[in-house]
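Report on the structure
Below are the chains, spelled out letter by letter.
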Amino acid sequence: MTREKAIAASRAVDAIDSFQMFMEEVDKLMDESDIYIIDPAFRHKFTEMMETELARLNKVLADL
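The present account deals with the structure reproduced in this document. (Residues numbered from 1 in each chain as written. Predicted model: local features only at pLDDT ≥ 70, side-chain atom pairs only at ≥ 80, totals over all residues. Heavy atoms only, no water.)

1. Re the packing of aromatic side chains
According to the stated counting rule, one finds 2 aromatic pairs in the structure shown. Plain terms: the ring middles of phenylalanine 19 and phenylalanine 22 are 5.7 Å apart, the flat faces sit at 40 degrees to each other, and that makes the pair tilted. With phenylalanine 19 and phenylalanine 22 both in helix H1 (residues 3–32) and 3 residues apart, this pair spans about one turn of that helix. Residue class for phenylalanine 19 comes out buried when judged on its relative accessible area of 17%. Geometrically, the ring pair formed by phenylalanine 42 and phenylalanine 46 is stacked, given 5.7 Å between the ring centres and 15 degrees between the ring planes. Here the residue phenylalanine 42 and the residue phenylalanine 46 both occupy positions in helix H2 (residues 40–62), the gap between them amounting to 4 residues, near one helical turn. (Phe/Tyr/Trp six-rings, centres within 6.5 Å; stacked < 30°, edge-to-face > 60°. Helix = DSSP H or I, 4+ residues; strand = E, 2+ residues; numbered from the N terminus. Buried < 20%, exposed > 50% of the residue type's maximum accessible area, 1.4 Å probe, protein only.)

2. Re the nonpolar core
Counting 8 residues, the largest nonpolar core consists of Ile16, Phe19, Met23, Val26, Met30, Met50, Leu54 and Leu57. Among the elements of the structure, H1 and H2 are those that each provide at least two residues to this core. Not counting residues within four places of it along the chain, the set of residues in contact with methionine 30 comprises Ile38, Phe42, Arg43 and Phe46. (Core = buried A, V, L, I, M, F, W, Y, C linked by side-chain atoms within 4.5 Å. Contact = heavy atoms within 4.5 Å.)

3. Observations regarding the environment of arginine 3
Inspection of the secondary structure puts arginine 3 in helix H1. Spatially, the C-alpha atom of arginine 3 lies 48 Å from that of aspartate 34, the residues being 31 residues apart in sequence.

Structural data, given as structure tokens:
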């Protein structure tokens, strides 16, 4: 593995980890929201969008 490829792989793993932490935090905030009622349809669509982005990030890593 070249240095450039190793750096790209490291960045891809970091992006995946960071995005997963973001997803967990958003999910936690939605669960704990006492002020706002989160529409289930919105939450479902938002979750789908986050999962799509996570799949894209995983594909970036797999393609390296």
